[in-house]
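Overview (structure and organization)
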Amino acid sequence: MTALLARLHSPDTAAAFAALAAGLPATTPISLPLPLAPTAQDWLNQLPTHGPWWYYARPVRGECMLGIGHAFQWSSAGPHRLAALAHAFAGMRRHWPGGKDARAFCGFAFSSETGDPVLPNALLAVPALLLIRHDGHCRAVLTAPADALTATLRELDIALASQQSTHLTGVLRPTDETLADQAWLARVGAALRDIDAGRLAKVVLARRRQLRSPQPVTAAAVLSRLVAQQPDSVVYGHGHDRLAFVGATPERLVRLQGRQATADALAGTAWPGSPSLEIGKNRHEQSLVIDAVMAALARHSNTSPVLAATCARSAGRLSHLRNKISVDVAPGCNIFDLMASLHPTPAVGGWPGAAARNWLQAHGEVRSAWYSGGFGWLDGNGDGDIAVALRSALIDGERIELQAGAGIVTGSHAPTELAETEAKFGTLLDALNKHHPERHATGTAD
């Protein structure tokens, strides 16, 4: 990182930035790519102790991105939150020298009305410094307003002055969740009664588990372990100072490349000792998700979506039913349009969608931060890849909150659904377990 910092402050960098910014309005975004030597490192030991950061990785493909600082950011809430972010991003993209090399990160909550003080309901941000590895190539991208290079570099110097530890220390102490578990089981019973009465076909109920550590837990330590333990998942995180939202999800909400959109229909869960993934309940859940995703994508195309064969999707010790669905979208459709149409799928909300959301609101469903919302990235061309933010932990110093959910349909058995959420908690518990062999991030090689 020392070599990269020297390049950021070099006269050549200043001259290249000035050439791109010449004659442009002061607030114009300028992105300057700086090639890096190829590396297998994930830069997690460069997560700053202070200031905002973003992380997105697909370990099995050797892809990762780390964003540090915010050159530009927009937040929104309410029923038109994604449309508002789309409008802001479209305005930025109209004139963005170097934008094809940059990335914006996006995260949003399950409900558009969530009044969570922890994170904005929906946030889109372009990092001041992006480190990216893709297709065997590595680069850094410096982004700043046309008139603010000096101020941006000063902020990056502060952010990079101290980094988070990738080591875990201490023993986690769970809080007593007996009453909360009993209340959750009662909600499963209420959901089954309404399903039997024909008021809805499925509803997804989330659980929370609170943990304590004798010392602050760092996001870098948890993400480092998730990268090692969940290579087939998308490992993601966003944080600022002591606060971080991190996770490892097997589910894509939507990817847009040019005019081709791809989404996952993913439902049903099996784990060691559980009933088979092929049981009727899981197949029923999967069919609900397939129908909803197909219908959502069809609204943005003049052709019918293409449904791939059902397969098993592994995620650590868990597995799910998965169908990839793709379609060529009509001109004018952007990734925010697709996100708004798809979210929430029956995999995280229920079916019918409106009835399930009303049921959850009436029964006091609480989902913190961006759990079961979305998390991903966009580029200057408008392409992007957004995952469903599952298997998450909200870290606030010594306090950690885990979240997991289960889909309730006809045939659901409350104790089995409780066991399913316990198995899903295991993804983060394994990463938080002090006695698990550590994997150390080794930083940059530039």
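On a predicted model such as this, the values are computed, not experimentally measured, just so you know. (Residues numbered from 1 in each chain as written. Predicted model: local features only at pLDDT ≥ 70, side-chain atom pairs only at ≥ 80, totals over all residues. Heavy atoms only, no water.)

1. A look at the layout of surface pockets
- Considered as a void within the structure, the largest pocket measures approximately 710 Å³ in volume.
- Lining the largest pocket are 27 residues; nearest its centre among them are Phe110, Ser111, Ser112, Glu113 and Arg357.
- At the level of elements, helix H3 (81-93), helix H8 (335-342) and helix H9 (353-362) are the ones that each hand at least two residues to the lining of the largest pocket.
- Looking at the lining of the largest pocket residue by residue, the class counts come to 11 nonpolar, 10 polar and 6 charged.
- Its boundaries defined by the atoms lining it, the second largest pocket holds a volume of some 350 Å³.
- As for the second largest pocket, its lining consists of 23 residues, of which Arg58, Arg61, Arg252, Arg313 and Arg322 are closest to the centre. (1 Å grid on protein atoms, 1.4 Å probe; cavity = no way out; pocket = protein on both sides within 12 Å on 5 of 7 lines; lining within 4 Å. Points joined across faces, edges and corners; volume = space filled by probe spheres on them. Helix = DSSP H or I, 4+ residues; strand = E, 2+ residues; numbered from the N terminus. Nonpolar A, V, L, I, M, F, W, Y, C, P; charged D, E, K, R; others polar.)

2. Points about the pattern of salt bridges
- Under the definition given, this model contains 21 salt bridges.
- A salt bridge links glutamate 285 to lysine 281, with the shortest nitrogen-to-oxygen separation between them at 2.6 Å. With glutamate 285 and lysine 281 both in helix H7 (residues 280-298), this residue pair falls 4 residues apart, about one helical turn.
- Its relative accessible area of 14% is what places lysine 281 among the buried residues.
- Glutamate 365 serves as the salt-bridge partner of arginine 367, at 2.8 Å between the closest nitrogen and oxygen. Considered together, arginine 367 and glutamate 365 belong to a single accessibility category, that of buried residues. (Salt bridge = Lys/Arg side-chain N within 4 Å of Asp/Glu carboxyl O. Buried < 20%, exposed > 50% of the residue type's maximum accessible area, 1.4 Å probe, protein only.)

3. Considering the side chain of threonine 249
- For threonine 249, the position within the fold is in strand E12 (residues 243-249).
- Residue class for threonine 249 comes out buried when judged on its relative accessible area of 1%.
- From its side chain, threonine 249 meets the backbone oxygen of valine 388 in a polar contact 2.6 Å long.
- Those residues in contact with threonine 249 that sit more than four places away from it in its chain are Ser233, Val234, Tyr236, Ala387, Val388 and Leu390. (Polar contact = N/O pair within 3.5 Å; in protein donor to acceptor, adjacent residues only side chain to side chain. Contact = heavy atoms within 4.5 Å.)

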